[in-house]
Amino acid sequence: MSDVVSSAPSPVPRGLTPGTPLRRDIGIRRRYAAERRFRAYGLAAVTFGLVFLIILVSTVVRHGYTAFVQTSITLPIEFTEKVIDPSGRRGSDPKVLIAANYPVLIRDALVKALDIDPSNRALVREATEMVSDGARIALRERVLADPSVIGRTVKVTFLAGANIDSANKGQIDLTADEKDRKVSDRQIAWMKQLAATGALHEAFNSGLFLSGNSSRPEAAGLGVALIGSFYLMLTVLVLALPVGVAASIYLEEFAPKNRLTDLIEVNINNLAAVPSIVYGLLGLSVFINFMGLPRSASLVGGLVLSLMTLPMIIIATRSALRAVPPSIRSAALGLGASRMQVVFHHVLPLAMPGILTGTILGLAHALGETAPLLLIGMVAFVANYPAGPLDPSTALPVQIYMWASEAERAFVERTSGAIIVLLFFLVAMNIGAILLRRRFERRW
C-alpha cells in the first residue's frame, strides 16, 4: 500500500466550532499585547522625563545665557589733578589718592557726554545711576596702578548699572508705563544716545568667572565659588579615594566572612543612603565645635563631603573588584604569586576603570551638594579670593542658593548663569566617567 498524505482538515476539538481560536493562541495574543503595553509604558516614561528635562534646561538657558555678556559704558575721564591730587605730589602719598573724590570724575564725564546741565541735580543723579557703583573703585585702582594718568584724559570702560544692563538686554519692558519700570524715559534716551556713539556696548562677561561675590548684581561673580569648589574637590579626592579603595580591598579580598564584616557591609550601605544634611550636622559638631576648625573654610567642607562620598566610593570599588573573574586570581595563585601580589598586580589594575568611574561620579555628586555646606557656614558673604583651604570661601551650589535668595531682579540672570556653569561641570564629569569606562573596560 502506497504512503499517501491525507489533506483532510484536522478534527475540531470538542466544544469549539470551526473558526474559533484555540486557547493557546489566545494566550499568545495576550502576551504579545502585554508586551506592547509594557513597551508603550516605557516609551511614555522616557518621553515624559525627556520633556521635563528639555523644559528645565531650556528655562535655565533662556534666563541665564545673557549672564555671559555684560553691558559696559566707555567714557573719556579727565583725571583732574585738582580733584585727585590737590597737593601736587603725584602719588607720593597713596592715602591722598585713595581718599580722592572719584565719583566727581564720573559725574563730569557723564555730564559732558550726555550734554546735561550740571546745575540740574536731578538729571545728574539720574545720569550717574546708569553707571555701576563700582566705577569709583575702578578709577581708584587705575590711578594707584599708574599715577601718571593724573592731569590727562583717558578713556575708561565701566560696568553699566544693573537696571541699565537689564534694559539693554531686553529683560525690562520699555513700552510699559514709566512708573512701572526701574528705567526712566530719560535714561532710555541716554542709552540710545550712548549706543549710537559706541559708548554703550556689550562684551563677554569675564567678571562672572573672575570676580568675587558682590551686593551689586552687575559686579557679582563666581571666582571665589570656583576656587572654593576646587579646594572642596581636592580635599575629597585626597581623603576619600585612598581610604575608600583601601577599605574596599580589605573587605573584598582579605577580610574573613563573618558577622562582623556583614555588619560593616550593612552599615556602609546604610551610610550611602543617609541624607546629606546629617553629614552637615556631624561636621558642625565634630570639625567646628569639637576640633575648633574655622567656619566657612573649604577644608571643613571637604571633610564633610569626604565622609558623605566615602560609602559611595567603597560600594563602587567593591563592585569593580567583584567584576574581575575569579580565574584571574586562581591563575596568579597557581603561578606562585602571593595574595598581596594577586590583588595589587592583577585584580586592582583590572578593576581600576570601575574604581575611577565610581570616584568621578561620587565627586560629581559631592560637587552639587548644598545642605551640608550651609550648616558649616559656607554661606558667608566672601568677596576676596581664599589663599588656602583654611580661609573663608563658598562653593558653586551655595553661591547659587545665595543669589536665588536675593531680591534684586538682576540676580535672576546671575543665578541661571551659575546653574549653567555648575551643570557644565557635572555633565563634563559624568561624560569623563563614561569615557573612562568605555576606554579601559574589558569584557570577559
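Quick caveat: nothing in here was measured; it's all calculated off a predicted structure. (Residues numbered from 1 in each chain as written. Predicted model: local features only at pLDDT ≥ 70, side-chain atom pairs only at ≥ 80, totals over all residues. Heavy atoms only, no water.)

Asker: What am I meant to see in the domain arrangement of the protein here?
Answerer: Interface size is commonly expressed as the accessible surface area that is lost when the partners come together. Examined at the domain level, the protein breaks down into domain 1 (69–204) and domain 2 (222–440). A C-alpha centroid distance of 46 Å is found between domain 1 and domain 2. Facing the eight residues of domain 1 at the interface are five residues of domain 2. Taking both sides of the interface into account, the surface hidden between domain 1 and domain 2 amounts to around 450 Å²; carbon and sulfur atoms contribute 28%. (Domains from an automatic or database assignment. Contact = heavy atoms within 4.5 Å. Buried area = accessible area lost by both parts, 1.4 Å probe.)

Asker: Any chance you could explain the UniProt feature "domain: ABC transmembrane type-1" (unreviewed entry) in the protein here in plain terms?
Answerer: The UniProt record annotates "domain: ABC transmembrane type-1" (unreviewed entry) at residues 226–432. A helix fraction of 76% and a strand fraction of 0% characterise residues 226–432, whose end C-alpha atoms lie 19 Å from each other. (UniProt positions renumbered as here; feature names shortened; annotations may be inferred. Helix = DSSP H or I, 4+ residues; strand = E, 2+ residues; numbered from the N terminus.)

Asker: Would you take a moment to explain the pairing of strand β1 (residues 69–78) for this structure?
Answerer: Side-chain positions along a regular strand alternate between the two faces of the sheet. The element β1 is extensively covered by neighbouring structure, given that seven of its 10 residues are classed as buried. Relative to strand β3 (residues 200–204), β1 runs antiparallel, the two being bridged by five bridges. Residue S72 lies in a different strand from β3, and its bridge partner there is H201. (Buried < 20%, exposed > 50% of the residue type's maximum accessible area, 1.4 Å probe, protein only. Pairing = 2+ DSSP bridges.)

Asker: Looking at this model, I keep getting lost on the UniProt feature "transmembrane region" (unreviewed entry) in the protein. Mind explaining?
Answerer: With numbering aligned to this structure, UniProt lists the feature "transmembrane region" (unreviewed entry) at residues 38–61, 230–251, 271–293, 299–321, 342–367 and 417–436. For residues 38–61, the end-to-end C-alpha separation is 34 Å, with 100% helix and 0% strand making up the annotated structure. End-to-end, the C-alpha atoms of residues 299–321 are 31 Å apart, and along that stretch the chain is 100% helix and 0% strand.

Asker: Whenever I open this one, the sheet that holds β3 confuses me. Can you help?
Answerer: In a beta sheet, neighbouring strands are held together by backbone hydrogen bonds and run either parallel or antiparallel to one another. Across the sheet, three strands lie side by side as β2-β1-β3; this open sheet has antiparallel pairing. Here the strands that pair on one side only, and so sit at the sheet edges, are β2 (153–159) and β3. Pairwise comparison of adjacent strand axes, ignoring direction, gives a mean angle of 40 degrees for this sheet. (Axes fitted to C-alpha atoms, helices over the stretch in contact; angles between N-to-C directions.)

Asker: How do you make sense of the environment of V131 when you look at a structure like this?
Answerer: Inspection of the secondary structure assignment puts V131 in the loop between α5 (121–128) and α6 (135–145). For V131, a relative accessible area of 4% gives the class buried. Remark: the alpha-carbon pair of V131 and M291, spanning 160 residues in sequence, is separated by 47 Å. Setting aside chain neighbours within four positions, we find V131 in contact with I73, I106, L110, F158, L159, A160 and G161.

Asker: I keep staring at the packing of aromatic side chains and nothing clicks. Help me out?
Answerer: We describe a pair of aromatic rings using the distance from one ring centre to the other and the angle between the two ring planes. Applying the stated criterion to the full structure yields six aromatic pairs. Measuring from ring centre to ring centre gives 4.7 Å for F48 and F52, while their planes differ by 55 degrees; the resulting arrangement is tilted. Of this pair, F48 and F52 both sit in helix α1 (residues 23–64), four residues apart, which is roughly one turn of the helix. Owing to a relative accessible area of 48%, F52 belongs among the partly exposed residues under this scheme. Here the aromatic rings of F424 and F425 are separated by 5.9 Å at their centres, their planes lie at 70 degrees, and the arrangement is edge-to-face. With a relative accessible area of 57%, F424 lands in the exposed category. (Phe/Tyr/Trp six-rings, centres within 6.5 Å; stacked < 30°, edge-to-face > 60°.)

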